[in-house]
Amino acid sequence: MHPATRHALYRRLRDATPHPRSELEYSSPFELLVAVMLSAHTTDKSVNAATRKLFPVANTPQALVELGVEGVKPYLRTVGLYNAKSKHLIGLSGQILQRHGGQVPRERAALEALPGVGRKTANIILNIVFGEAEIAVDTHIFRVANRTGLAPGRTPLAVEQALRRNTPEAFQHDAHHWLLLHGRYVCTARAPQCGTCLLADLCEYPHPNAAAPTTRRAGTRGARRRRTA
Ligand code: SF4
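In what follows, the accompanying structure is described. Because the structure is predicted, anything quoted here is derived from the model rather than measured.

## Details of the overall build of the protein chain
In step 1: From N to C terminus, the protein chain includes 12 helices and zero strands.
In step 2: Scanning the protein chain from its N terminus toward the C terminus, one meets helices and strands in the order α-α-α-α-α-α-α-α-α-α-α-α.
In step 3: Counting over 229 residues, the protein chain shows a buried share of 37%.
In step 4: A sequence separation of at least 24 residues applies to 58% of the contacts in the protein chain between residues at least 6 apart.

## Considerations on the nonpolar core
In step 1: Counting residues in each nonpolar core, the largest one holds 58 residues, and the members touching the most others are Leu33, Met37, Leu38, Ile125 and Ala145.
In step 2: Per-element tally for this core: the top contributor is helix H2 (residues 29-38), with eight residues.
In step 3: Ignoring anything within four residues of it in the chain, the contact list for Ala145 reads Leu150, Ala151, Pro152, Gly153, Val159, Ala162, Leu163 and Leu179.

## Re the packing of H2 against helix H3 (residues 44-54)
In step 1: Contact pair H2 / H3: the axes reach a minimum separation of 9 Å and the direction vectors enclose 135 degrees. It follows that H2 is oblique to H3 by the angle criterion. Two packed elements cross with a definite hand, and for H2 against H3 that hand is right-handed. Residues Val34, Ala35 and Leu38 of H2 pack against Val47, Ala50 and Thr51 of H3.
In step 2: Of the residues belonging to the contact of H2 with H3, the class tally is five nonpolar, one polar and no charged.

## Things to note about helix H7 (residues 119-128)
In step 1: Counting buried residues in H7 gives eight out of 10 residues, a clear majority hidden from the surface.
In step 2: For H7, every residue scored as buried is listed here: Lys120, Thr121, Ala122, Asn123, Ile124, Ile125, Asn127 and Ile128.
In step 3: Summarising the contacts, the buried residues of H7 are in contact with H2, helix H6 (108-112) and helix H10 (169-185).

## Here we look at unusual backbone geometry
In step 1: In the Ramachandran plot, His41 falls in the positive-phi region, its phi being about 60 degrees despite a non-glycine side chain.
In step 2: Looking at the element boundaries, His41 is found in the loop between H2 and H3.
In step 3: His41 sits in the exposed class, given 10 other C-beta atoms within 10 Å.

## Overview of the environment of Glu160
In step 1: Among the structural elements, Glu160 can be located in helix H9 (residues 156-166).
In step 2: Judged by local crowding, Glu160 falls into the buried class, with 23 C-beta atoms found within 10 Å.
In step 3: Between the C-alpha atoms of Glu160 and Ile141, which are 19 residues apart in sequence, the distance is 9.2 Å.

## Points about helix H1 (residues 3-16)
In step 1: The first and last C-alpha atoms of H1 sit 20 Å apart over 14 residues, in line with the 20 Å expected at 1.5 Å per residue.
In step 2: Those residues of H1 not exposed but buried are Arg6, Leu9, Tyr10, Arg12 and Leu13. Relative to the axis of H1, the buried residues are bounded by an arc of 155 degrees and lie together on one face. Facing away from the buried side of H1 by over 90 degrees, the exposed positions are Pro3, Ala4 and Asp15.
In step 3: Check the buried side of H1 and you find it contacts helix H8 (139-148), H9 and H10.

## A look at the environment of Leu126
In step 1: Tracing the chain through its elements places Leu126 in helix H7.
In step 2: Here Leu126 falls in the partly exposed class, since 18 other C-beta atoms lie within 10 Å of it.
In step 3: Along the primary structure Leu126 and Arg106 are separated by 20 residues, whereas in three dimensions their C-alpha atoms are 6.6 Å apart.
In step 4: With sequence-adjacent residues up to four places away left out, Leu126 is seen in contact with Arg108, Glu132 and Glu134.

## Overview of the environment of Gly118
In step 1: Here Gly118 is to be found in the loop between H6 and H7.
In step 2: For the pair Gly118 and Arg108, spaced 10 residues apart in the sequence, the C-alpha separation amounts to 9.6 Å.

Cut-off values and rules
- Residues numbered from 1 in each chain as written.
- Predicted model: local features only at pLDDT ≥ 70, side-chain atom pairs only at ≥ 80, totals over all residues.
- Helix = DSSP H or I, 4+ residues; strand = E, 2+ residues; numbered from the N terminus.
- Buried ≥ 20, exposed ≤ 12 C-beta atoms within 10 Å, placed from the backbone.
- Contact = placed C-beta atoms within 7 Å.
- Core = buried A, V, L, I, M, F, W, Y, C linked by C-beta atoms within 7 Å.
- Axes fitted to C-alpha atoms, helices over the stretch in contact; angles between N-to-C directions.
- Parallel < 35°, antiparallel > 145°, perpendicular 65-115°, else oblique.
- Left-handed = near helix turned anticlockwise from the far one by under 90°.
- Nonpolar A, V, L, I, M, F, W, Y, C, P; charged D, E, K, R; others polar.
- Expected span 1.5 Å × (residues − 1).
- Arc of directions from axis to C-beta.

Laid out in structure tokens, this is it:
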């Protein structure tokens with residue numbers, strides 16, 4: 001993809017959602033860390049349903065350690081892999097208390113050393129909490145980056161590195177949110193909405209819906225091509 005096209009793509013995503021936010025509910029860095037850890041292999045909606053009950057009871061490392069693994073399980077039953085995640089949550093809380101004075105660490109190595117925390121979760125925390133230009137690659141971002149041609153790669157790490165190279169600096173901080181929301185609601189896995197996608201004329205994916213004559217009225221294609229990016 002040409003650099004000017006990448007710039008145009010991000011500019012459209014930014015114009016459509018100038019202030020993107022995580023759909024996970026949280027009110028502190030620690031709550032966000034817990035929510036992101038819980039969101040692996042499950043939806044944000046399920047996580048929010050669980051944390052709405054959990055956080056009023058325990059939303060600090062100390063309170064969660066006191067609740068313990070068995071105490072936390074009933075709150076996480078709607079979340080996938082809740083047995084393992086309950087153990088991770090209590091282990092993570094204990095480690096934050098013992099090694100980091102009860103605060104979410106800002107170093108990648110320290111974050112990735114926490115139980116249940118991998119590169120993707122660390123990137124989200126570094127990005128949202130500490131304002132670093134990290135782009136966490138989940139299944140949605142992996143798909144959008146490859147389909148559009150923005151940052152092709154065979155693995156999440158390869159896509160992350162390509163995004164880092166191919167994302168203009170002005171868009172790096174919010175790129176994660178824009179690409180995730182686009183993948184979740186427009187460029188979906190089974191039925192991408194190419195016919196109405198605001199990136200259709202920039203995207204390299206062979207999207208038959210957008211190209212079908214019945215989906216474009218006379219003049220529409222030209223208008224789309226001429227649209228100021
Ligand atoms: S045109 Fe289709 S494939 Fe390309 S980003 Fe939009 S929805 Fe995804």
